[in-house]
Amino acid sequence: MELQLAIDLLNKEEAAKLAEQVADYVDIVEIGTPIVINEGLPAVQHLKDNVKDEEVKVLADLKIMDAADYEVSQAVKFGADVVTILGVAEDASIKNAVAESHKHGKELLVDLIAVQDLEQRAKEIDEMGADYIAVHTGYDLQAEGQSPLESLRRVKSVINNAKVAVAGGIKPDTIKEVAAENPDLIIVGGGIANADDPREAAKQCREAIEG
């Protein structure tokens with residue numbers, strides 16, 4: 001089971017510093033969409049250049065919707081090991097994104113945020129060759145008290161090939177119940193990034209998923 005740190009609300013220098021703090025405990029570090037919007041793809045390159053542990057992958061959360069092969073190629077050029085596309089994108093876009101990422105030896109994560117028929121879309125995307133399919137309770141729905149657990153169970157039951165990822169308000173004190181569902185990747189954002197001691201929070205998350 002992999003652990004990903006999502007970094008959303010910092011600048012690229014702070015993001016790189018945070019990533020280096022927790023690199024011993026995470027498998028993937030994400031430059032979140034807000035940082036990409038504020039600072040562009042050089043933020044991805046900055047993170048790639050500053051995370052010393054070569055085992056740690058860098059994810060660019062572009063949430064691609066169109067022109068997928070071009071946008072994946074640009075993210076890869078700036079150091080991304082994993083790129084994200086939205087599950088609500090056209091099939092052609094997802095297939096192009098899969099092909100482009102695999103052409104460069106990189107991985108594609110399809111984010112199911114806002115997908116209405118989770119099982120059906122997850123099955124379709126699984127057949128398109130995505131590396132990860134992510135159940136994602138977005139920030140706005142978290143504010144209404146929603147959790148990704150039920151969605152995770154539903155998607156996990158229909159996936160045969162891709163790894164299943166889960167995101168949405170997961171914290172060190174709630175990660176155990178998520179890990180009990182046995183996803184392949186757990187994504188934690190503010191639960192680590194906003195902790196008083198991010199390194200300790202990441203360590204707690206790692207210990208929880210290792211049982």
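Predicted model, so just to flag it, every value in this text is computed and none were measured. (Residues numbered from 1 in each chain as written. Predicted model: local features only at pLDDT ≥ 70, side-chain atom pairs only at ≥ 80, totals over all residues. Heavy atoms only, no water.)

Another aspect to go through is the overall build of the protein. Each helix and strand counted, the protein has 11 helices and 8 strands in total. For 211 residues, the compact-globule estimate of 2.2 N^0.38 gives 17 Å, and the C-alpha radius of gyration of the protein, at 16 Å, lies within 12% of that figure. With respect to the principal axes defined by its C-alpha atoms, the protein has extents near 40 × 35 × 30 Å. In the protein, the share of contacts with a sequence separation of at least 24, taken over all contacts with a separation of at least 6, comes to 65%. Element-wise, carbon and sulfur atoms account for 44% of the exposed surface of the protein, whose accessible area totals about 9800 Å². For the protein, the distance from the average site of its 21 positive side-chain charges to the average site of its 41 negative ones is 2 Å. (Helix = DSSP H or I, 4+ residues; strand = E, 2+ residues; numbered from the N terminus. Rg over C-alpha atoms; globule rule 2.2 N^0.38 Å. Contact = heavy atoms within 4.5 Å. Areas by Shrake-Rupley, 256 points an atom, 1.4 Å probe, with all protein chains shown as cover. Lys, Arg positive; Asp, Glu negative; His and termini not counted. Charge placed at Lys NZ, Arg CZ, Asp CG, Glu CD.)

Time to look at the UniProt feature "domain: Orotidine 5'-phosphate decarboxylase" (unreviewed entry) in the protein. The UniProt feature table records "domain: Orotidine 5'-phosphate decarboxylase" (unreviewed entry) at residues 2–205. For residues 2–205, helix accounts for 44% and strand for 21%, while the C-alpha atoms at its two ends are 10 Å apart. (UniProt positions renumbered as here; feature names shortened; annotations may be inferred.)

Attention now moves to the sheet that holds strand β1 (residues 2–7). The strand order around the closed barrel formed by 8 strands is β1-β2-β3-β4-β5-β6-β7-β8, and the pairing between neighbours is parallel. Each strand of the sheet is rotated relative to its neighbour by a mean of 25°, with strand direction disregarded. When strand β3 (residues 57–64) meets strand β4 (residues 82–86), the two strands line up parallel, connected through 3 bridges. Of the residues in β4, the one forming a bridge with A60 is V83. Strands in contact with helix α5 (residues 91–103) are β4 and β5 (107–111); relative to β5, the strand with the most contacts, it is inclined by about 155°. (Pairing = 2+ DSSP bridges. Axes fitted to C-alpha atoms, helices over the stretch in contact; angles between N-to-C directions.)

What follows concerns the pattern of salt bridges. Inspection of the entire model under this criterion finds 17 salt bridges. Measuring nitrogen to oxygen at the nearest pair gives 3.4 Å for the salt bridge that ties K12 to E39. Residue K12 is located in helix α1 (residues 12–22), and its partner E39 is located in helix α2 (residues 33–39); the two are separated by 27 residues in the primary sequence. Exposure remark for K12: the relative accessible area of 23% places this residue in the partly exposed category. Residue E207 pairs with K203 through a salt bridge whose shortest N-O separation is 3.2 Å. Within this pair, E207 and its partner K203 are both found in helix α11 (residues 198–209), separated by 4 residues, close to a single helical turn. Using a relative accessible area of 44% as the deciding quantity, one classes E207 as partly exposed. (Salt bridge = Lys/Arg side-chain N within 4 Å of Asp/Glu carboxyl O. Buried < 20%, exposed > 50% of the residue type's maximum accessible area, 1.4 Å probe, protein only.)

The subject of this paragraph is helix α3 (residues 42–50). Each α-helix winds once per 3.6 residues, and so residues spaced three or four apart point in a common direction. What α3 keeps buried is the set A43, V44 and L47. Each buried residue of α3 lies within a common arc of 105° when the element is viewed along its axis, so the set occupies one face. (Arc of directions from axis to C-beta.)

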